Amino acid sequence: MILYTMMPQELIYPHEEEKASPGLMVSYNGIPVLAEQEDGFNYRIVRVMSTDPAHFLEPNCTPGTKFSLT
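The model shown is predicted, which means the values in this text are computed figures rather than measured ones.

J.: Help me understand the pattern of salt bridges, please; the structure alone is not making it clear to me.
T.: Opposite charge on two side chains permits them to pair, given that their charged atoms come into close proximity. Within this structure, the stated rule accounts for three salt bridges. As a salt-bridge pair, R44 and E38 come within 3.6 Å of each other at their nearest N and O atoms. According to the relative accessible area criterion, E38 is partly exposed, its value standing at 38%. Taking the shortest distance from any N to any O, the salt bridge between E38 and K66 comes out at 3.8 Å. On the criterion of sequence distance, the pair formed by E38 in strand β2 (residues 31–39) and K66 in strand β4 (residues 66–68) is long-range, its members being 28 residues apart. Taking relative accessible area as the criterion, K66 reaches 57% and is therefore assigned exposed. A cluster of three or more residues bridged by salt bridges with shared partners is formed by E36, E38, R44 and K66.

J.: What is the right way to look at the packing of aromatic side chains in this model?
T.: By convention here, two paired aromatic rings are described through the distance between centres and the angle between planes. As enumerated under the stated definition, the model contains two aromatic pairs in all. Taking 4.5 Å as the distance between ring centres and 35 degrees as the angle between the ring planes, the aromatic pair formed by Y28 and F67 counts as tilted. Placement of Y28 in strand β1 (residues 24–28) and of F67 in strand β4 is noted, with a sequence separation of 39 residues between them. In this structure Y28 comes out as buried when scored by relative accessible area, which is 17%.

J.: What is the right way to read the nonpolar core from this model?
T.: For soluble globular proteins, the rule of thumb is that nonpolar side chains tend to be buried together. V26, Y28, I31, V33, A35, Y43, I45, V48, C61 and F67 together form the largest nonpolar core, which totals 10 residues. For this core, the secondary-structure elements that each account for two or more residues are β1, β2 and β3 (42–48). Filtering out sequence-adjacent residues up to four positions away, I45 remains in contact with Y28, V33, L34, A35, C61, T62, P63, G64, T65 and F67.

J.: Any chance you could explain the side chain of T65 here in plain terms?
T.: Tracing the backbone through its elements, the reader meets T65 in the loop between β3 and β4. Since its relative accessible area comes to 18%, T65 is described here as buried. When neighbours within four sequence positions are excluded, T65 is seen to be in contact with Y43, R44, I45 and N60.

Reading the values: the criteria
- Residues numbered from 1 in each chain as written.
- Predicted model: local features only at pLDDT ≥ 70, side-chain atom pairs only at ≥ 80, totals over all residues.
- Heavy atoms only, no water.
- Salt bridge = Lys/Arg side-chain N within 4 Å of Asp/Glu carboxyl O.
- Buried < 20%, exposed > 50% of the residue type's maximum accessible area, 1.4 Å probe, protein only.
- Helix = DSSP H or I, 4+ residues; strand = E, 2+ residues; numbered from the N terminus.
- Phe/Tyr/Trp six-rings, centres within 6.5 Å; stacked < 30°, edge-to-face > 60°.
- Core = buried A, V, L, I, M, F, W, Y, C linked by side-chain atoms within 4.5 Å.
- Contact = heavy atoms within 4.5 Å.

What follows is the structure, encoded as structure tokens:
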């Protein structure tokens, strides 16, 4: 594969330690999301992992939204 770009190689191919993202796949309101644990049972949505386009339009399921799994 040949990439014709002016971007530095570090932006296209991140370092190995940056690839591993500590996350947890959970279902939030029936929508599969990748969440990051903040403290205890509190989580923050990192990415919506659904294949349904309507799930990306849900205002309560956007990246950065905090929720609790209690």
